[in-house]
Amino acid sequence: MANKEALRELQNRLAERMKAVRTELPGLSWLAVDCAGQGVLFPLRQAGEIFEPQGLLPVPHTHPWLIGVANLRGGLYTVVDLGAFLGLRQARVGALPEHQRLVAFNAALGLNCAMAVDGLEGLRHAA
């Protein structure tokens, strides 16, 4: 008998949550990253995959913030040091530190570009 009541309560709570979700306005989700000690938010819809920085090839005669190109899942991507691009630090020379990550843009945007960030802070949701 107690199991039936617990099941009914669970069903009622689920029904209430489903009703609440239908009436809520959709919110935006963000990818939070650390960039030269500053917190930066990217719209999750525009962010693609996250990679470890491996196999970067430098490109001569470019801006200092353009680190090079990388093969990410078979595609050739331009890699930008976001901190240097935003003027938060000097451009790095040589290999990237191990703690850095590459955040590629969503393929739907048609940009073969990835940004080097200092760390991932997680996902944020704004209602």
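See the structure printed just above.
Chemist: Quick one: what's the story with the overall build of the protein chain, residue by residue and with numbers?
Modeler: What the protein chain contains, in helices and strands, is two helices and eight strands. When the helices and strands of the protein chain are listed from N to C terminus, the series reads α-β-β-β-β-β-α-β-β-β. Every one of the 127 residues in the protein chain was classed for burial, and the buried ones make up 27%. Contacts in the protein chain between residues far apart in sequence, at least 24 positions, make up 54% of those at least 6 positions apart. For the protein chain, the accessible surface area stands at approximately 9100 Å², while carbon and sulfur atoms represent 56% of it.

Chemist: Please give an account of the pairing of strand β6 (residues 101–105) that cites residues and values.
Modeler: As defined by bridge partners, strand β3 (residues 47–51) adjoins β6 across three bridges and the pair is classed as antiparallel. Within β6, the position partnered with I50 by the bridge is V103. Where β6 lies against strand β7 (residues 113–117), four bridges are found, and the strand directions are antiparallel. Looking at the pairing, A104 lines up with A114 of β7.

Chemist: Account for the sheet that holds strand β8 (residues 119–126), with residues named and values stated.
Modeler: Sheet architecture is open: three strands sit in the order β2-β1-β8, paired in antiparallel fashion. Each edge of the open sheet carries a strand with a single partner, namely β2 (38–43) and β8. Along the sheet, successive strands turn relative to each other by an average axial angle of 30°, direction set aside. For strand β1 (residues 28–35) and β8, the ladder comprises seven bridges, and the chain directions are antiparallel. Looking across to β8, one finds that S29 is bridged to H125.

Chemist: Got a sec to walk through the sheet that holds strand β5 (residues 75–81)? Specific residues and values, please.
Modeler: Strand order in the open sheet made by the five strands is β3-β6-β7-β5-β4, with mixed pairing throughout. Looking along the sheet, the strands with just one partner apiece sit at the ends: β3 and β4 (66–72). Each strand of the sheet is rotated relative to its neighbour by a mean of 30°, with strand direction disregarded. Across six bridges, the pairing between β4 and β5 is antiparallel. Paired with L66 across the bridge in β5 is V80.

Chemist: Any details on the pattern of salt bridges? Residues and values, ideally.
Modeler: Summed over the entire model, instances satisfying the criterion amount to three salt bridges. The shortest N-O distance in the salt bridge between D81 and R89 comes to 2.7 Å. R89 matches D81 in its accessibility class, with the two residues each being buried. Here R89 makes a salt bridge to D118, at a shortest N to O gap of 2.7 Å. Here R89 is found in the loop between α2 (82–85) and β6, whereas its partner D118 is found in the loop between β7 and β8, with 29 residues between them in sequence. Here the two residues R89 and D118 agree in accessibility, since each one is buried. Connected through salt bridges with shared partners, the residues D81, R89 and D118 form a single ionic network.

Cut-off values and rules
- Residues numbered from 1 in each chain as written.
- Predicted model: local features only at pLDDT ≥ 70, side-chain atom pairs only at ≥ 80, totals over all residues.
- Heavy atoms only, no water.
- Helix = DSSP H or I, 4+ residues; strand = E, 2+ residues; numbered from the N terminus.
- Buried < 20%, exposed > 50% of the residue type's maximum accessible area, 1.4 Å probe, protein only.
- Contact = heavy atoms within 4.5 Å.
- Areas by Shrake-Rupley, 256 points an atom, 1.4 Å probe, with all protein chains shown as cover.
- Pairing = 2+ DSSP bridges.
- Axes fitted to C-alpha atoms, helices over the stretch in contact; angles between N-to-C directions.
- Salt bridge = Lys/Arg side-chain N within 4 Å of Asp/Glu carboxyl O.

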